[in-house]
Amino acid sequence: MIVRVQKPIEFINKCDCIVDYSDLEKAILWYTNKPVTRLKTIYLHGQYPAVSIHKEKIHVHRLLMMYWEQRKLRSEEYVHHKDENKLNALRENLETRYVSDHQSLHNKGKKLTESHKNKISNANRKRKGMKFKKRRNIPLDELRILLDKGWSVNKIAKHFNVDWSTIRNRIYENPELLEWKE
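Keep in mind it's a predicted model, so treat the numbers as computed, not measured.

What counts and what doesn't
Residues numbered from 1 in each chain as written. Predicted model: local features only at pLDDT ≥ 70, side-chain atom pairs only at ≥ 80, totals over all residues. Heavy atoms only, no water. 1 Å grid on protein atoms, 1.4 Å probe; cavity = no way out; pocket = protein on both sides within 12 Å on 5 of 7 lines; lining within 4 Å. Points joined across faces, edges and corners; volume = space filled by probe spheres on them. Helix = DSSP H or I, 4+ residues; strand = E, 2+ residues; numbered from the N terminus. Nonpolar A, V, L, I, M, F, W, Y, C, P; charged D, E, K, R; others polar. Salt bridge = Lys/Arg side-chain N within 4 Å of Asp/Glu carboxyl O. Buried < 20%, exposed > 50% of the residue type's maximum accessible area, 1.4 Å probe, protein only. Axes fitted to C-alpha atoms, helices over the stretch in contact; angles between N-to-C directions. Parallel < 35°, antiparallel > 145°, perpendicular 65-115°, else oblique. Contact = heavy atoms within 4.5 Å. Pairing = 2+ DSSP bridges. Polar contact = N/O pair within 3.5 Å; in protein donor to acceptor, adjacent residues only side chain to side chain.

Here the largest pocket defines a volume of roughly 230 Å³. In this structure, the largest pocket is lined by 13 residues; those nearest its centre are Y48, H61, V79, H81 and H102. Tallying contributions element by element places strand β5 (residues 77-81) first for the lining of the largest pocket, with four residues. Along the lines of polarity and charge, the residues of the lining of the largest pocket split into three nonpolar, seven polar and three charged.

Structure below.
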């Protein structure tokens, strides 16, 4: 359907999003340079409320923040929900944060379980272009013998089938390994 004249937008809120409808209407009209359909549905896209604008799905909180700041947000900019309610898209609840700052904000004070660390490790191994060798505990006595034989860090790493940084870190943690015997 081609819309030639912009009429006031009405919203069907299917996900109980908390939003200022007049701000959302202004944000939609600011975002697009063409008239849009009169009826807009707010729905969950992933875990966040979204609207469709000319076949483009856009999260409500990002759209509103772009409108309020009068600029497109870069991919490394996140819109943070201060009360951690993803459905609350009110202006006083949203703020722009950079990726690293946003992640540290959410992870502050959290301790990962061993199973969660393993899940992260497995996911990282599957990432394209990244090669990880399994990290292991290296016996100190065997490591000392190989160092005394004059083996390089790379050769020792291949012997234990680990990354060279594992060997380097093990030596760093145990500087007595480098003390020469007379």
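Let us keep going from here.
With that settled, consider the pattern of salt bridges. Taken as a whole, this structure holds five salt bridges when the rule is applied. Salt-bridge contacts for R71 lead to E77; the nearest nitrogen and oxygen are separated by 2.8 Å. According to the relative accessible area criterion, R71 is partly exposed, its value standing at 30%. Salt-bridge contacts for R74 lead to E76; the nearest nitrogen and oxygen are separated by 2.8 Å. Salt bridges sharing common partners tie together E69, R71 and E77.

Before going further, it helps to spend a moment on the packing of helix α5 (residues 140-148) against helix α7 (residues 164-173). Packing of α5 against α7 leaves a shortest axis separation of 12 Å and a crossing angle of 100 degrees. One way to sum up the angle between α5 and α7 is to call them roughly perpendicular. Residues L140, L143 and L147 of α5 touch α7, and the partners they reach there are I167, R170 and I171. Looking at side-chain class alone, the contact of α5 with α7 contains five nonpolar, no polar and one charged residues.

The next subject is the sheet that holds strand β1 (residues 10-13). What the four strands build is an open sheet, ordered β1-β2-β3-β4; its pairing is mixed. Every other strand in the sheet has two partners, leaving β1 and β4 (56-59) as the edge strands with one partner each. Across this sheet, the average inter-strand angle for adjacent strands is 35 degrees, counted without regard to direction. Here strand β3 (residues 48-53) pairs with β4 via four bridges, running antiparallel. Pairing of S52 across the sheet is with K57, part of β4. Of the strands in this sheet, β1, β2 (39-45), β3 and β4 touch helix α1 (residues 21-31), which is tilted by about 110 degrees from β1. Strands β2, β3 and β4 of the sheet are contacted by helix α2 (residues 60-69), whose axis makes an angle of about 80 degrees with β4.

It is worth spelling out the side chain of N93 at this point. As for its placement among the helices and strands, N93 is situated in the loop between β5 and β6 (94-98). Of the polar contacts made by the side chain of N93, one reaches the backbone oxygen of N88; its length is 3.0 Å. Non-local contacts of N93, meaning those with residues more than four positions away in its chain, are made with H80, H81, K82, D83, N85 and N88.

Purely spatial values, then, with no claim about function.
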